[in-house]
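Given next are the chains, with one letter for each unit.
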Amino acid sequence: RLGPPLGAEPVSTYFNPKSFTFLPGLARNNDKTWFNEHKPQYEEHVRQPFLRLIADLQPDLAAVSEHFRADPRGVGGSLFRIYRDARFSNDKSPYKSWQGARLFHERRKQVPAPSFYIHLQPGESFVGAGLWHPEPATQRKVRHFIVDNPGSWKAAAHSPVLRRKFDFEESEKLVRPPRGFEPDFEFIDDLKHRNWVFWRSLDDAVMTGPRLRQTIAADLVTLGPFVDYLCAALDLEF
């Protein structure tokens, strides 16, 4: 038979084992000379496949929200640069040992906004969504919205469908309830969070397999109501 059966959903692979040998190689040889010598491998096995995945996810993301963008531009789009900003870090390594992409809200440059995120790293790949390291004013806004709308927060962030598949990021939590909030509030533990993010790991076999796009597309659907809630909290369209 030539091609898939009539009506079958097309499949495509993006990353391959060479994608997962390049990144550890970069981690071991994190300098400009090595990277420049191996830049063709980076383009072929990491950057270009990721840009193609982002482009292919456009209709899947649009089906979840018409206000989010999977932007496959090489510069200024969804794909993060491989170059590290080491200005304020003790680690002066010039390159990241992973590759990431955010599927962002169309108004992200105007106001704080949640995003979907895809992370490529051997043994540590994942997909997730939410607000990462929001400013204190944004944190307060989300917390007050949860207090004012606990029922829809429960539906969005505590749904069995979401919780069975994704983990709620538990790092960087306050020890005590944030000031000004009642300690006996039903979701007081959620208010202690500095980040509101759900994520799940993706095995290397999934990342290099033929159904990666379909897997991530399904995850976008599952994460959608949670991101919708955060958009409502920040007066953003979804």
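Since we're looking at a predicted model, the values are computed, not measured.

Novice: Help me get a handle on the packing of helix H5 (residues 136-148) against helix H10 (residues 212-233), residues and values and all.
Specialist: The geometry of a pair of packed helices is captured by two quantities: the angle between their axes and the separation between those axes. At a closest axis distance of 9 Å, the pairing of H5 and H10 adopts a crossing angle of 105°. One way to sum up the angle between H5 and H10 is to call them roughly perpendicular. Each of Lys141, Val142, Phe145 and Ile146 in H5 lies in contact with H10, whose residues at this interface are Tyr229, Leu230, Ala232 and Ala233.

Novice: I'd love a proper account of the confidence of the model for the chain, names of residues and values included.
Specialist: Per-residue pLDDT for the chain has a mean of 93; in total, 95% of the residues score no lower than 70. Here residues 1-7 is modelled with pLDDT under 50, and outside its nearest four sequence neighbours on either side it reaches zero contacts, counting other chains as well.

Novice: Which residues make up the pairing of strand S2 (residues 99-105), and what are the values?
Specialist: For S2, a buried count of six out of seven residues is recorded, marking the element as mostly surrounded by other parts of the structure. Across two bridges, strand S1 (residues 68-69) lies against S2 in antiparallel orientation. The partner of Phe68 across the bridge, within S2, is His105. Relative to strand S3 (residues 115-120), S2 runs antiparallel, the two being bridged by six bridges.

Novice: I'd like to hear about the sheet that holds S2, residue by residue, with values.
Specialist: In space, the six strands of this open sheet follow the order S1-S2-S3-S4-S6-S5, with antiparallel pairing throughout. Where the open sheet ends on each side, the last strands, each with one partner, are S1 and strand S5 (167-168). Alignment of strand S4 (residues 126-131) against strand S6 (residues 196-201), held across six bridges, turns out to be antiparallel. Counterpart to Ala129 in the pairing with S6 is Phe198. Its contacts with the sheet put H5 on S4 and S6, and the angle it makes with S6 is roughly 90°.

Novice: So, helix H3 (residues 39-56): which residues are in play, and what are the values?
Specialist: Given a rise of 1.5 Å per residue, 18 residues ought to cover 26 Å, and the 24 Å separating the end C-alpha atoms of H3 matches this to within 8%. Roughly 30° is the biggest bend found in H3, and it falls at Arg47, with proline Pro49 one to four residues downstream. For H3, the set of buried residues is Tyr42, His45, Val46, Arg47, Pro49, Phe50, Leu51, Leu53 and Ile54. For H3, the secondary structure elements touched by its buried residues are helix H1 (17-28), helix H2 (32-37), helix H4 (58-64), S2, S3 and H10.

Novice: Could you give me a rundown of the pattern of salt bridges, with the residues and numbers involved?
Specialist: Following the criterion strictly, the structure yields ten salt bridges and no others. The salt bridge involving Asp189 is made with Lys173; its shortest N-O contact spans 2.9 Å. On the criterion of sequence distance, the pair formed by Asp189 in helix H8 (residues 188-191) and Lys173 in the loop between S5 and H8 is long-range, its members being 16 residues apart. Residue classification places Lys173 among the partly exposed residues on the basis of a relative accessible area of 25%.

Novice: Before we move on, could you go through the pairing of S6 and cite the residues and values that matter?
Specialist: Looking at chain direction, S5 and S6 are connected through two bridges and run antiparallel. Counterpart to Phe168 in the pairing with S6 is Phe198.

What counts, and at which threshold
- Residues numbered from 1 in each chain as written.
- Predicted model: local features only at pLDDT ≥ 70, side-chain atom pairs only at ≥ 80, totals over all residues.
- Heavy atoms only, no water.
- Axes fitted to C-alpha atoms, helices over the stretch in contact; angles between N-to-C directions.
- Helix = DSSP H or I, 4+ residues; strand = E, 2+ residues; numbered from the N terminus.
- Parallel < 35°, antiparallel > 145°, perpendicular 65-115°, else oblique.
- Contact = heavy atoms within 4.5 Å.
- pLDDT = per-residue confidence, 0-100.
- Buried < 20%, exposed > 50% of the residue type's maximum accessible area, 1.4 Å probe, protein only.
- Pairing = 2+ DSSP bridges.
- Expected span 1.5 Å × (residues − 1).
- Bend = angle between axes of the 7 residues up to and from the residue.
- Salt bridge = Lys/Arg side-chain N within 4 Å of Asp/Glu carboxyl O.

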